[in-house]
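Chain by chain, the residues:
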Amino acid sequence: MKPKKYFSITLLVTLTIFVVPAIIVTVIDPFFVIHKKLSADIGFDGTDRYQNAGLINSFLADPAERFDTIILGTSMSQNFPVSAFKNEFGRNALKLTLAGGRARELGTIARKAIATGRVKRVVWEIFTSFADENPDATHKNSPLPLFLYNDTLADNWRYVFNNDVFENAFKIVRGKIIKKKKVKRSDLEGLYTWAYDDQFRKYSEKPNLAKLYRKVQASNLPIPASPPETMRPAFPNLQKNLFPILRENPNIEFMLYFPPISHYAYAVYGHKKFWRQMLMRKNLLEETQELKNVHVYGFDLNENISGSLQNYMDPNHYSPAVNADMAKAMVKYDRILTAQDWKSYTRALVRKVNSFAENFRPP
Amino acid sequence: MLFNSIEFLFVFLPITLGIFLTLKRFGYGKAAMAFIGLASLFFYAWWDIRFLALLLGSVVFNYFIGRRLAESASHRPLLILGIAGNLVCLGWFKYFNFFVGNLNLLLPTEITAQTIILPLGISFFTFQQIAYLVDAHKGETQESNFIEYMVFVTFFPQLIAGPIVHHKTMMPQFHDHPVRDYDWAKACMGLSLFAIGLFKKVMLADELARYGSPVFAAALAGNEISLLEGWAGSLSYTLQLYFDFSGYSDMAIGLGLLFGVRIPANFFSPYKATSVIEFWQRWHMTLSAFLKDYLYIPLGGNRAGRPRRYLNLMITMLLGGLWHGANWTFVVWGGLHGVYLIINHAWRKVFPDLLNATPFGRMVGWTITMLAIVVAWVLFRCESVPAAVEILAGMAGLNGMVLPDENGAIGALKSIKAFYLILGGMFIVLFAPNSLQIIAAAERTAERKWYSWSLSRRWLASTTALLSTTLYLIVYHINRISEFIYFQF
């Protein structure tokens, strides 16, 4: 073979093999980041880090889809029934949750969604990462692919030339074209939801309760009624990843809520961590009290939820029924907290947690 | 810019090669040569532009001293000035804090350590130029203009990690480079070598590192290392280092050929060696040659009796160890190899052909050699001597043996599957032909074998397969996110 021919063919074939997966990704677009579904029966994928970008680009941004509410949060918000937030105008809610999502990541998704101009209401879970010190932190093992959430279109090459995305595209090609079968994916109502019945059952079984009892016994209890005098924490995550979004969008209604993790979780938290969370909530309530577009909800005081371990599959994750109850309360503006409530709210919570720990008996 | 980085593979290399070929095509040979020099400086500056001045300063300093030495070869003070200038520069950037740290330990001094960034490739371009000065002093250098000299030092394929090129092999190539026609057949061979090197780095070295590195990190953190963990860590690293470094050298040689320059080989299947002496004839050959020619022989080599020879060997290996890095682990590693070499030479003196005479003897020789090398690599890899001792204790079974858990993990070793990769790697290093053997027939230095490179469909398919697989892994995997396994808040 002539050397020039050898050289050219090698490069040409290599480049062709190299770009074929990218072409497949561009055509199939398994997360709908570049374009809408090729076929109506291709459902949505639970890989939230990619799927949320596609939901925003191809669904929220499209007026024909009639979405005006978004749900933000971690895995504790994934079981919200989106239909519960459907409003009187028939507009739908879109779940943009992120399992393990950090404050910065949730803020990034919020900004991108709001930039579509279609969002009228945001349901937003405020959990521990808003009390963290680093406002730029992303999830250590599964960070949000920020390149999908910025304004730089050129960054999309990182979506197209991406093994994760190609694997998903290939599954669709194999299922639809090769095997001629419907690919197992979710609809929007069921997207991201989880319900591990077995784990809920196991969590409140005797062997586990015995383990939890030992942990409670080893914890530093009771939790004091007020934070340590020396504790004056700052909350850069609120300052950077929440407040600006609330202030810049006075026409959007924000329904912020503190998820009802179990009393057991608070009992084993440790004083410092517990009070840091509570002071973060105080800061949030104070900073938002003048904002008419913001409502803050607290659900931790309901002993039927937080005091009963049967509702949980681990210290934090509650059952889908709890999400459904919260959604009902939120649309009725029930369980709203204000800055003035903070003191009584935390006192009640401390009392309930201490009482839970005190009355927690070995099975 | 690393050879396996996206910016190098998809931007720097295509653009540089494209402009170079265009200039050659239209007969601008000298401009093509100057362009390689500029591209090499850009390549270096990409890492940190502040050190470009250092590189250029070093080139100018050595070029002019070299020229003066070549004009009046007996100018010994100038040679001393040149070598001292290079060593002071290397000493400051690489060894100052090491020296100060040890001085503060030994004496009641409190000299403050400095924040010094180690310039990329400084050990390589410093040694390369010291050799040039010494040979200029001996009158053994070829006259060259500044551009040729600059490209000789800064030629990007070998600038940051060698091979340490010698002016005798490189200068004649750069001298007639502008008038030589572009050799497309060599370029094709270069492409294949580059593909092999990239494959070794991405598919083998990086994969092995995933298993080996956590074991060394655990030892450094003070964890106890068990038997299987210790062996998996040390063997993974032994193979990783070879595939990484020889892969890099293959890529350097391949890139050199793409630009019409033949860079010397650096490896010749070192793990096939049946003695430590042979190992050093096959491992990092350009460094071995440098140490021999510019350190061991000037010290007296083997000309002053056996005790002096052993002393020279030990000095050479200790300094060779220190060249690799400013840490006692490298010194101990060099010293250990010095001891190995002394024992090996002494053994040969007493039993010249005992082990090499039979296959069984060679097998015994190989086993002892491999064991010695693996033990020494543990010291080379560890960031502290106690961590190395911990791993060696684990390998010796002093910390007991732990069996894999339900996920196949043993302590810091993520999976027992590491041993499959190690076996595969060992098979390649022991039974596959090396890059030099692959291109030997095409370079007319050996007879054609089944694996010899040629302009054939078989090699075209192999090169394409290697290139497309590694490029896929590099690009498509860099953007992926690891799957979220369990909720973590």
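Residues numbered from 1 in each chain as written. Chains lettered and ligands numbered in written order. Predicted model: local features only at pLDDT ≥ 70, side-chain atom pairs only at ≥ 80, totals over all residues. Heavy atoms only, no water.

Counting its secondary structure elements, chain A contains 14 helices and six strands. Principal axes of the C-alpha set define a box for chain A whose edges measure 85 × 50 × 40 Å. Across the 363 residues in chain A, those meeting the buried criterion constitute 54%. Here the analysis covers contacts within chain A between residues at least 6 apart in sequence; of these, 81% occur between residues at least 24 apart. Carbon and sulfur atoms make up 53% of the accessible area of chain A, which totals about 16300 Å². Distance from the positive charge centre (51 side chains) to the negative charge centre (35 side chains) of chain A: 5 Å. (Helix = DSSP H or I, 4+ residues; strand = E, 2+ residues; numbered from the N terminus. Buried < 20%, exposed > 50% of the residue type's maximum accessible area, 1.4 Å probe, protein only. Contact = heavy atoms within 4.5 Å. Areas by Shrake-Rupley, 256 points an atom, 1.4 Å probe, with all protein chains shown as cover. Lys, Arg positive; Asp, Glu negative; His and termini not counted. Charge placed at Lys NZ, Arg CZ, Asp CG, Glu CD.)

With that out of the way, let us pick up a positive patch on the surface. On the surface, a cluster of positive charge is contributed by Lys171(A), Arg174(A), Lys179(A) and Lys181(A). Here Lys179(A) lies in the loop between α5 (163-178) and α6 (197-203). (Patch = residues over 30% accessible without salt bridge, like charges linked within 9 Å, V, L, I, M, F, W, Y side chains within 5 Å. Salt bridge = Lys/Arg side-chain N within 4 Å of Asp/Glu carboxyl O.)

Here the focus is the packing of helix α9 (residues 184-220) of chain B against helix α19 (residues 457-478) of chain B. Residue and element names in this part refer to chain B. Where α9 contacts α19, the axes come no closer than 9 Å and their chain directions differ by 40°. Considering the angle they form, α9 stands oblique to α19. Crossing of α9 over α19 shows left-handed handedness. Counting all contacts with α9, which are made through Leu191, Ser192, Phe194, Ala195, Ile196, Leu198, Phe199, Val202 and Met203, the residues of α19 involved are Trp459, Thr463, Leu466, Leu467, Thr469, Thr470, Leu471, Leu473 and Ile474. Class assignment of the residues belonging to the contact of α9 with α19 gives a composition of 14 nonpolar, four polar and no charged. (Axes fitted to C-alpha atoms, helices over the stretch in contact; angles between N-to-C directions. Parallel < 35°, antiparallel > 145°, perpendicular 65-115°, else oblique. Left-handed = near helix turned anticlockwise from the far one by under 90°. Nonpolar A, V, L, I, M, F, W, Y, C, P; charged D, E, K, R; others polar.)

This part takes up the interface of chain A and chain B. Contacts between the two partners involve 46 residues from chain A and, on the opposite side, 36 residues from chain B. Interface area, chain A with chain B, both sides summed: about 3500 Å², of which 68% is carbon and sulfur. The three residues of chain A that bury the most area against chain B are Tyr6(A), Phe7(A) and Phe18(A), which together make up 22% of that side's buried surface. On the surface where chain A and chain B come into contact, there are zero salt bridges. Within the residue set of the side of chain A that touches chain B, elements represented by two or more residues are α1 (3-28), α2 (48-60), α4 (157-160) and α5 of chain A. The greatest single-element share of the side of chain A that touches chain B, amounting to 14 residues, is contributed by α1(A). Per-class residue counts for the side of chain A that touches chain B are 25 nonpolar, 15 polar and six charged. (Buried area = accessible area lost by both parts, 1.4 Å probe.)

The description of two aromatic rings rests on the distance between their centres and on the angle between their planes. All names here are of chain B. Under the criterion given, the structure shown has 81 aromatic pairs over all chains. Judged by centre distance (5.6 Å) and plane angle (45°), the rings of Phe127 and Trp323 are tilted. With Phe127 in helix α5 (residues 122-137) and Trp323 in helix α13 (residues 306-324), the pair connects residues that are 196 residues apart, well separated along the chain. Of the two residues, Phe127 and Trp323, neither departs from the other in class, the shared state being buried. For the pair Trp333 and Trp377, a centre-to-centre distance of 5.6 Å together with 15° between the ring planes defines the contact as stacked. (Phe/Tyr/Trp six-rings, centres within 6.5 Å; stacked < 30°, edge-to-face > 60°.)

A few words on the pairing of strand β5 (residues 294-298) of chain A. All names here are of chain A. Along β5, four of the five residues are buried, which leaves the element largely enclosed by surrounding structure. Here strand β4 (residues 253-258) runs beside β5; their pairing, made up of five bridges, is parallel. Counted as the bridge partner of Tyr257 is Tyr297 from β5. Where β5 lies against strand β6 (residues 336-337), two bridges are found, and the strand directions are antiparallel. Note that in β6 the partner of Tyr297 across the bridge is Ile336. (Pairing = 2+ DSSP bridges.)

Trp124(A), Tyr159(A), Leu242(A), Phe254(A), Leu256(A) and Phe8(B) are the most contacted members of the largest nonpolar core, which totals 211 residues. Phe245(B), Phe380(B), Leu413(B) and Ile422(B) belong to the second-largest nonpolar core, a separate cluster that totals 54 residues. (Core = buried A, V, L, I, M, F, W, Y, C linked by side-chain atoms within 4.5 Å.)

Looking now at the environment of Ser249(B). Here Ser249(B) lies in helix α10 (residues 227-258). When the C-alpha atoms of Ser249(B) and Ser435(B) are compared, they prove to be 9.8 Å apart, with 186 residues separating the residues in sequence.

Here we come to unusual backbone geometry. Cis geometry is found at the peptide bond from Leu221(A) to Pro222(A), where omega equals 0°. Looking at where Pro222(A) falls in the secondary structure, it is placed in the loop between α7 (206-218) and α8 (236-241).

Turning to the sheet that holds β6(A), a few remarks are in order. All names here are of chain A. The mixed open sheet is built from six strands, whose spatial order is β2-β1-β3-β4-β5-β6. Each end of this open sheet is capped by a strand with a single partner; those strands are β2 (92-95) and β6. The sheet contact formed by strand β3 (residues 121-125) and β4 spans five bridges and is parallel. Paired with Glu125 across the strands is Tyr257, a residue of β4. Helix α11 (residues 271-288) contacts β4, β5 and β6 of the sheet and is inclined by roughly 150° relative to β5.

Taking 1.5 Å per residue, 18 residues should reach 26 Å; helix α14 (residues 342-359) of chain A reaches 25 Å between its end C-alpha atoms and fits that length. Of the surrounding secondary structure, the elements contacted by the buried residues of α14(A) are α7, β4, α10 (263-269), α11, α12 (303-306) and β6 of chain A. (Expected span 1.5 Å × (residues − 1).)

Take the side chain of Glu278(B) next. Along the chain, the position of Glu278(B) falls in helix α11 (residues 276-282). Polar contacts involving the side chain of Glu278(B) include one to the main-chain amide nitrogen of Thr274(B), which spans 2.9 Å. (Polar contact = N/O pair within 3.5 Å; in protein donor to acceptor, adjacent residues only side chain to side chain.)

Glancing now at α1(A). Along its 26 residues, α1(A) runs 38 Å from first to last C-alpha, staying within 8% of the 38 Å computed at 1.5 Å per residue. The largest bend along α1(A) reaches roughly 30° and is located at Val19(A), with the proline Pro21(A) sitting one to four residues downstream. Those residues of α1(A) that sit buried are Tyr6(A), Phe7(A), Thr10(A), Thr14(A), Phe18(A), Pro21(A), Ala22(A), Val25(A) and Ile28(A). Structurally, α1(A) contributes buried residues whose contacts are with α4 and α5 of chain A together with α1 (6-25), α9, α10 and α19 of chain B. Asp29(A) lies just past α1(A) and shows a positive phi near 45°. (Bend = angle between axes of the 7 residues up to and from the residue.)

On to the side chain of Asp314(A). Residue and element names in this part refer to chain A. Mapped onto the elements of the fold, Asp314 is located in the loop between α12 and α13 (320-331). We note that Asp314 is buried and unpaired, the nearest opposite charge coming from Lys215 at a distance of 11 Å. Within the structure, Asp314 has its side chain in polar contact with the backbone nitrogen of Asn316 (distance 2.9 Å).

Residue and element names in this part refer to chain B. In the predicted model, chain B carries a mean pLDDT of 89, and the fraction of residues at 70 or more is 98%. Residue range residues 483-489 is modelled with pLDDT below 50. Its contacts to residues more than four positions away, or to other chains, number 28 contacts. With a pTM of 0.84, the predicted complex shows an ipTM of 0.84. (pLDDT = per-residue confidence, 0-100.)

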